[in-house]
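# Examining the three-dimensional arrangement
The lines below spell out each chain.
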Amino acid sequence: MRMYATCVYLFLYIPIGVIALFSFNAGRHASQLQGFSTKWYGKALGNPFVMDALQTSLLVAFTSALLASLFGTMAALALQGVRGPVRTVFDMLIYVAVMIPGIVIGIATLIGLVTLFDQLNPMLAALWPEGAQAPRLSMGLGSLIAAHTMFLMALVIIIVRARLAGMDRALTEASSDLYATPFGTFRQVTLPMIFPAVLAGFLLSFTFSFDDFIIAFFVAGSETTLPIYVFSSIRRGVTPEINAIGTMVLGVSLILLVAAQVLLRRGERKPK
Amino acid sequence: MDKVGYGGALSKTGQTPIAEFRAVSKRFGDVVAASDLNLAIAEGEFLSFLGPSGCGKTTALRMLAGFEAPSDGEVLLDGEVVNGIEAHQRPVNMVFQHYALFPHMTVAQNIGYGLRQRRPRLPKAEIAQKVGKALDIVRLDGFADRRIWEMSGGQQQRVALARAIVNEPKLLLLDEPMAALDRKLRKEMQIELQNLQRQLGITFVLVTHDQEEALSMSDRICIMRDGRIVQIGSPRELYDHPQSRYVAGFVGSSNFFDGTVVTANGVSASVRLANGDVLEGSMATDLPVGHGVCISVRPEQVALAREGEGLPVTVQNRIFLGEHTEYLVKHQELGEFLALSPRQSELADGPFETGDILLASWDASAALVLERN
Ligand SMILES: Nc1ncnc2c1ncn2[C@@H]1O[C@H](COP(=O)(O)OP(=O)(O)O)[C@@H](O)[C@H]1O
Ligand SMILES: [Mg+2]
């Protein structure tokens, strides 16, 4: 059993280790190691296409994580007051949203948006004053952020709701008993208590959005995110430069994931 | 505030009760948590709701606090109907069963919470000074900057108390505040709470299922059963003049003998017991001839003797309690009951041993004829 588990882990992590290893390879061939070097990192960071893609990725990840934390937290708070069958349906939908494969979300969002734009664009053109160029809605940053926000929201809802469920209802009652208005209670009691979970949700969302290739591939239009850039360069062969980018993305993701875990642990620590 | 003489305050004409229930009912779906509550709470009194778990005590308290709105009837505070007034607008404060202290704040921040919500804002110095005084009152000076989880259960309870009284509420509500404390600490807190109430003159409304707690601290006790108030009175009144078997059994302990009324004159009655004996007893409520009743006799009213008159009984068990000895005795037809003999009375006859055959008797005035329910 232990052997088996070890094999599974090796199988999972050896390729990742190899990528990290070869990113420091001095030679340009992925097949043999020729000494230590960080030149590929320099090369990757000096590549304007990489930097462009990185910028797009950061913008998308930050914006969609921010929106998802905001809307997800609001939804989690609102769901507290919902009971009965409505609640069950919502709960199911949220879990479904997290479990649906990215490719389905990608295709669905693509078809949905394209259909919508096809309807809206002629209407916009008709409404616009004569002579002026009517704006055309198309796939791009907006659709990418929207698609990411949608599925990340479900993630944030689950995280924040777990925290809310662990919170004693008597605390908010005590607050209003002590003359705090509903908003005062939210600001002084509820928010500080769920904040670690919200922040953890933000960090996880950021990572997921930053790493996402599948959904972005469908809805990014002409935009290039870092994973899309990596994918398209791989078609021209795996270079150590790609390995370096992969290793950097991995490093940042791991740091954010660990930070989110720490926050969640800290949030769970209850006074006895 | 002068607390002397408030005992009969409610009968004193002209004084507005600080809080009042008028025909209040509360339903949760099909569950009737409170039904037809009528009660006036006088300023400065210490009133307890006493009853078994699930009888609606907390619900009654929560309607005073403003967490639940009555389904029917009116809740009044200081003479005004407050049915639609939110909890945060009511001049009452509550000590929660599990304290509900804010874990992300220090002890001092917890206590100052209510003061910080005041509009217009109170000056910082004034808040600090009031918090300091409250800490002093609950004997927690020096703990101001502690975190909640660094405090013991007893200390947390004091923080909860301080957090409430610092606001000088018109009404302090306490929901089983002692339930989580161990026995010794509970005794201490009971005394402290009672002193505190005297000292501050704030009206206390306590919820408890512990009869000892209610009896030792309250000016008046409101006995509840299945969402209804069954009897209200001072601890002494409830003990000496229970109006039902339920109350007699809940306040102190008592022996009950089932029987049927054979003669009644409104004040006293004779009751035929299962064995055919006819016993005299005083009536709490007027019950007609032929009515199935029970006779209640407190164990300390039962006298045991080797000779004389009385019910022949056999000693089943003996528990030495120091000042008293508790005997479990058995009568052939009436079954087992308890007798509590003071040491003094044993000097002549006792101590009795298990298996002794004795005669049990009591004054007719000590026997109460009560509804069987
Ligand atoms: N929020 C609620 N929803 C449904 N039922 C409730 C609610 N609060 C109390 N009850 C019910 O009302 C009854 C009285 O409860 P409660 O007032 O808490 O009793 P006590 O404090 O005397 O133990 C119980 O049967 C309880 O289950
Ligand atoms: Mg209760």
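Residues numbered from 1 in each chain as written. Chains lettered and ligands numbered in written order. Predicted model: local features only at pLDDT ≥ 70, side-chain atom pairs only at ≥ 80, totals over all residues. Heavy atoms only, no water.

### Observations concerning the packing of helix α3 (residues 48-80) of chain A against helix α6 (residues 141-165) of chain A
All names here are of chain A. Packing of α3 against α6 leaves a shortest axis separation of 6 Å and a crossing angle of 40°. In terms of orientation, α3 and α6 fall into the oblique class. The chirality of how α3 crosses α6 is right-handed. Taken together, the residues of the contact of α3 with α6 sort by class into 18 nonpolar, nine polar and one charged. (Axes fitted to C-alpha atoms, helices over the stretch in contact; angles between N-to-C directions. Helix = DSSP H or I, 4+ residues; strand = E, 2+ residues; numbered from the N terminus. Parallel < 35°, antiparallel > 145°, perpendicular 65-115°, else oblique. Left-handed = near helix turned anticlockwise from the far one by under 90°. Nonpolar A, V, L, I, M, F, W, Y, C, P; charged D, E, K, R; others polar.)

### Side note on the domain arrangement of chain B
Quite often, the size of an interface is put as the accessible area lost when its parts meet. All names here are of chain B. Entries for chain B in the domain assignment read domain 1 (9-245) and domain 2 (253-371). Computed over C-alpha atoms only, the centres of domain 1 and domain 2 are separated by 39 Å. Taken together, the seven residues of domain 1 in the interface contact ten residues of domain 2. For the pair domain 1 and domain 2, the summed buried surface comes to about 790 Å²; carbon and sulfur atoms form 52% of the total. For the pair domain 1 and domain 2, the number of links is one salt bridge. Between arginine 245 and aspartate 258 there is a salt bridge; the shortest N-O distance is 3.7 Å. With three residues, helix α7 (residues 235-240) is the largest single contributor of residues to the side of domain 1 that touches domain 2. The residue inventory of the side of domain 1 that touches domain 2, partitioned by class, reads three nonpolar, two polar and two charged. (Domains from an automatic or database assignment. Contact = heavy atoms within 4.5 Å. Buried area = accessible area lost by both parts, 1.4 Å probe. Salt bridge = Lys/Arg side-chain N within 4 Å of Asp/Glu carboxyl O.)

### Details of the interface of chain A and chain B
The partner chain B presents 24 residues to the 22 residues of chain A that form the contact. Each partner contributes to the roughly 2,100 Å² buried at the junction of chain A and chain B, and carbon and sulfur atoms together form 60% of this total. At the boundary of chain A and chain B, one finds one salt bridge. Arginine 62 of chain B is the partner of glutamate 173 of chain A in a salt bridge, and the nearest nitrogen-oxygen pair spans 2.7 Å. Classifying every residue of the side of chain A that touches chain B gives eleven nonpolar, six polar and five charged.

### Thoughts on the packing of helix α4 (residues 153-165) of chain B against helix α5 (residues 183-200) of chain B
All names here are of chain B. At a minimum axis distance of 12 Å, the contact between α4 and α5 shows a crossing angle of 15°. Between α4 and α5, the angle falls in the class roughly parallel. For α4 against α5, the interelement crossing comes out right-handed. Contact residues: α4 offers Gly154, Gln157, Arg158, Leu161 and Ile165, while α5 offers Leu185, Met189, Glu192, Leu193, Leu196 and Leu200. A class-by-class count of the residues in the contact of α4 with α5 yields seven nonpolar, two polar and two charged.

### Quick notes on the site of ligand 1
All names here are of chain B. Neighbouring ligand 1 are Phe28, Val31, Ala33, Pro52, Ser53, Gly54, Cys55, Gly56, Lys57, Thr58 and Thr59. Here an oxygen atom of ligand 1 and a backbone polar atom of glycine 54 are 2.6 Å apart. With respect to ligand 1, the side chain of lysine 57 contributes an N or O atom lying 2.9 Å from an oxygen atom. Its free accessible area being 560 Å², ligand 1 has 61% of it covered by the protein chains. Contributing elements (two or more residues each) for the shell around ligand 1: β2 (31-41) and α1 (57-65). Of the residues forming the shell around ligand 1, the biggest block, three residues, is contributed by α1. Tallied by class, the residues present in the shell around ligand 1 amount to five nonpolar, five polar and one charged. (Near = heavy atom within 4 Å. Polar contact = N/O pair within 3.5 Å; in protein donor to acceptor, adjacent residues only side chain to side chain. Areas by Shrake-Rupley, 256 points an atom, 1.4 Å probe, with all protein chains shown as cover.)

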